[in-house]
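What follows is the residue order along each chain.
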Amino acid sequence: MKSIVLIASLVFGMTQGICQEQVSVKKKSSVELTYEDFETSVVQIKNKSLQTIDVKVEDATTKKWIKGFGLGPKGKVSVDVKPGQVLIFTNDSKTKVDVALDFIKRKAPKEAAVSNKMITFTLHNSSAKSIPLVIPAVMNPNLSPFSNSGVKLKVGQKIYYKKNGKKKLLLEVDDSISDGEKLDIAKLIKKLEKEK
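Here the structure is a predicted model, which is why all the values come from computation and not from measurement.

As a further point, take the packing of aromatic side chains. Counted by the stated rule, this structure contains two aromatic pairs. Summarising the aromatic geometry, the rings of Tyr-35 and Phe-38 are spaced 5.6 Å apart at their centres and angled 80° between planes, so their arrangement reads as edge-to-face. You can call Tyr-35 buried: its relative accessible area is 4%. With a centroid separation of 4.8 Å and an interplanar angle of 65°, the aromatic rings of Tyr-35 and Phe-103 are classed as edge-to-face. A residue pair is termed long-range when its members are at least 10 positions apart, and Tyr-35 in strand β3 (residues 29-35) and Phe-103 in strand β9 (residues 97-105) qualify at 68 residues. Of the two residues, Tyr-35 and Phe-103, both sit in the buried class. Grouped by ring-pair contacts, the aromatic residues Tyr-35, Phe-38 and Phe-103 constitute a single cluster. Above the ring of Tyr-160, the side-chain terminus of Lys-167 is found at 4.6 Å from the ring centroid.

In structure tokens:
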């Protein structure tokens, strides 16, 4: 009958983003491992023996199987174990198996690239006064009374209006603006002024 050893919540100091832990799995036995480092690191497993060892990941609470495979002699593999999951090694051989674990910190996700999507729409001035706008790196249009101005702008582009010599953010182009839509700039300004 296999014996099961549970090693819970071990924390190891990280040096240059990598920390190594050695684990010995006795013959005909299993070892269950859980580390706080699972939250920030991917585990690289190295089988240092000449025997195959079974690797399995389970939910720590429900014991539900998530993934598993056999790791051959001198084999190496990276496994992403999430917090709340348990890493299990099962050694069915007649000799102990030594395994090395490297905790490699996950790279921070790259910031989303600036969208290149363009939206074509119309800036409409429904008032009897001119409306000076500032569209950085594009143009600074002055909307004449009761006029329309067609624009094609990237998602994320900001549009400001000038009041008393100061710029005030009027809107930021996003997917809520449909291609071909007409935006009443005078009404948007009134709405913005009321909100403030």
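The next thing to look at is the sheet that holds strand β11 (residues 131-134). A sheet is described by the order of its strands in space; here four strands give the open sequence β12-β11-β14-β15, paired in antiparallel fashion. The sheet is open, and its two edges are formed by β12 (142-143) and β15 (166-172), each paired on a single side. Across two bridges, the pairing between β11 and β12 is antiparallel. Residue pairing across strands places Ile-131 opposite Leu-143, the latter belonging to β12. Taken strand by strand, helix α1 (residues 185-195) contacts β11, β12, β14 (158-163) and β15, and its axis lies near 110° from that of β15.

Rules and cut-offs
- Residues numbered from 1 in each chain as written.
- Predicted model: local features only at pLDDT ≥ 70, side-chain atom pairs only at ≥ 80, totals over all residues.
- Heavy atoms only, no water.
- Phe/Tyr/Trp six-rings, centres within 6.5 Å; stacked < 30°, edge-to-face > 60°.
- Buried < 20%, exposed > 50% of the residue type's maximum accessible area, 1.4 Å probe, protein only.
- Helix = DSSP H or I, 4+ residues; strand = E, 2+ residues; numbered from the N terminus.
- Lys NZ or Arg CZ within 6 Å of the ring centre and 35° of its normal.
- Pairing = 2+ DSSP bridges.
- Contact = heavy atoms within 4.5 Å.
- Axes fitted to C-alpha atoms, helices over the stretch in contact; angles between N-to-C directions.

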